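Understanding the architecture of this molecule
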Amino acid sequence: MSLIYSRIFDLSSGLVPESFEADICIVGSGTVGLFLAHLLNKRNANFLLLDAGPLKPVSTESIGYLPDFSSSVYSGATEGRYFGLGGSSSRWGGALIPHSSFDLREGDESESDTTNTWNFILNSIEENQQNVLSSFDFSYDPLFCLTSIPFTECSLHKALAGSGLSLWQSLILPFSQKNFIRFAEGNTTNSQSTLIYNASVSAWQFFPGDSAGLRISSVNAVSLNHKKVQVKAKRYIICSGAIESARILLEISAQSNGAYSAEDNEVGRYLSDHLSLPIARVDPIEVPRVVSLFSPTFQGSFLRNYRFLLKPESANLPRSFSHFVFRQKDESFYVAKQILASIQSRQLPSISAAQTAQSIFGLARLAGNKLINSRLHIPPNTPCDFCIDVEQEKSYTNAVTLTSKRDKFNRLVANINWGISLSDKSNINKLSSLYLDAWARSSTLPNLNTLPFPTNIAENSASYDAYHPTATTRMGNSKLSVVDLNLKVRKFENLWSSSTGVLPSPGTANPTFSVLCLTAKLANALCPE
Ligand SMILES: Cc1cc2nc3c(=O)[nH]c(=O)nc-3n(C[C@H](O)[C@H](O)[C@H](O)COP(=O)(O)OP(=O)(O)OC[C@H]3O[C@@H](n4cnc5c(N)ncnc54)[C@H](O)[C@@H]3O)c2cc1C
């Protein structure tokens, strides 16, 4: 693999200088960190990336970052994140979905900072989405924007007419582009860029504070085999994912003699994910109609997918969305998918020779359908579920905090208190009924058979969170928010943070695209073009 950075070090090799200097130090070279580095690279900025993991990302358990759990296990902090170059983009679905006006909740005084923040996020998306999409070589297309499906798509509009649902679209990256390591690959090097991997940040040093806040002077990172490095930078950007960014900020606070107190900062609080579950199954006889109307369609090598949102009359309910999930049982399709996923994660697929032969049919059918129908191939007997994703209610006690335990890197281990509350369950019930009623209002939509509400939703929580952790490093204008609207960490002069943790809540979309738009804005502020 040829990487664009001019200096690349494996901290665990023991062959790394003791200290480095850079203008900008980015902590985390995952989805957001590599995207930021890509934008800074284009500006020929002087930056250094530190990443805890190796060149090919590994699991939370392998790296030794498992938190303690004081209630349910939150799988967004276990199987929902990966460590190393490319981070979780090495395994994610690659759906790019902007948040939208459906995320606004006007008129509620207690929510005014949140509404203000969502407004800011929507403006940032509008300003930056074109730039972000062009980074994926997707030429700007008015079909992918904040508006719902245009009227040219008559069959879809006709089908939904009379229902209380609005149709929205998302863009799914081609497998070859899902892993953000693509932003680090190539031959053109920036002479001022450095990557140090197998380097977990562990200790922070500070200049004496002044009125603008505390100023970080340097950061130490350590490898599993206890090799150390120190980085001195003018500015530090934490891009370590929603859970770890909160843990790092709490640790920075502890190391700076308590920059935060519970009364004046809510770092780690309000951890909230989408609760995701099937609520109805399409009548088997209707599956071909659902496929012809709503299965993903190709737009070049990208896929366009559809989601249904409740019209804003139901604004007093948590934000949510719904979509179809096609549960492909076809073995050759499964194998073909495994191969494509291994291309994404840059690993060898674990399949037998016989399965490999089978995959040829799967891939041929996928390619044939793409060529002829511009649609993803879905066999007519595929079970198809109508699923909803509902954001969890704001809860102060759903939180990332620090324990007094130390991990293998001598860092304080995080504790996660997370659970699905009675209000969450009641919200899911209410929203399920609203979605199904709205669907049934149209006389032309395919029939759905309601599924029973799972009795074990709390015990079986792992199946119901969607790896979209938010709000742990919440942005806003309020004094209690962790970062301001420019993603600058409150109380610190030269510290910023970008991850899905900055979103006030999961909202009506998968979170990453909106965060990439905020990160593009941050890149402009750090290093104007
Ligand atoms: C299976 C799956 C499917 C998903 N599908 C979608 C989807 O379709 N659409 C969508 O919008 N979202 C999706 N998501 C969520 C999406 O993957 C995340 O929102 C996104 O990858 C988060 O990016 P990040 O940069 O904040 O974190 P990551 O990509 O996890 O990167 C964090 C990086 O920080 C490094 N790091 C962590 N701690 C330290 C430390 N102490 N020192 C140094 N480095 C550190 C890690 O090694 C890692 O490289 C999915 C997630 C999963 C797991």
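Summarised in this report is the structure supplied together with it. Being a predicted model, the structure only gives us computed values, none of them experimental.

Comments concerning the pairing of strand β8 (residues 165-172)
- Counting buried positions along β8 gives eight out of eight residues, so the element sits mostly inside the fold.
- Going residue by residue along β8, you find L165, L167, Q169 and L171 tucked away on one face and S166, W168, S170 and I172 tucked away on the opposite face as well.
- Two elements, strand β7 (residues 95-96) and β8, share two bridges in a ladder whose sense is antiparallel. Bridge assignment links L96 to a residue of β8, and that residue is L171.
- Where β8 lies against strand β15 (residues 302-310), eight bridges are found, and the strand directions are antiparallel.

Some points on the pattern of salt bridges
- On inspection of all chains with the given rule, the structure shows 17 salt bridges.
- With its nearest N and O atoms 3.3 Å apart, the salt bridge here joins E251 to R247. Remark: R247 and E251 occur in helix α6 (residues 242-255); sequence separation between them is four residues, near one turn of the helix. Taken individually, E251 and R247 each receive the classification buried, so the pair is uniform in this respect.

Structural notes on the packing of aromatic side chains
- Applying the stated rule across the entire model yields 26 aromatic pairs.
- Seen from their ring centres, F180 and F183 are 5.2 Å apart, and the 90 degrees between their planes marks the pair as edge-to-face. F183 carries the same exposure label as F180, and that label is buried.
- Geometrically, the ring pair formed by F324 and W439 is edge-to-face, given 5.5 Å between the ring centres and 80 degrees between the ring planes. You can see F324 sitting in strand β16 (residues 320-326) and its partner W439 sitting in helix α10 (residues 422-440), a full 115 residues away along the chain.
- Classification of F324 by relative accessible area gives buried; the value is 8%.
- A relative accessible area of 4% places W439 in the buried class.
- Every member of this aromatic cluster is reached through a ring pair, and the members are F294, F308, F324, F326, F386 and W439.
- A cation over a ring is seen here: K394 above Y270, with NZ or CZ 4.9 Å from the ring centre.
- Seen from the ring of Y65, R411 lies directly overhead, with NZ or CZ sitting 4.0 Å from the centre.

Scoring rules and cut-offs
- Residues numbered from 1 in each chain as written.
- Predicted model: local features only at pLDDT ≥ 70, side-chain atom pairs only at ≥ 80, totals over all residues.
- Heavy atoms only, no water.
- Buried < 20%, exposed > 50% of the residue type's maximum accessible area, 1.4 Å probe, protein only.
- Helix = DSSP H or I, 4+ residues; strand = E, 2+ residues; numbered from the N terminus.
- Pairing = 2+ DSSP bridges.
- Salt bridge = Lys/Arg side-chain N within 4 Å of Asp/Glu carboxyl O.
- Phe/Tyr/Trp six-rings, centres within 6.5 Å; stacked < 30°, edge-to-face > 60°.
- Lys NZ or Arg CZ within 6 Å of the ring centre and 35° of its normal.

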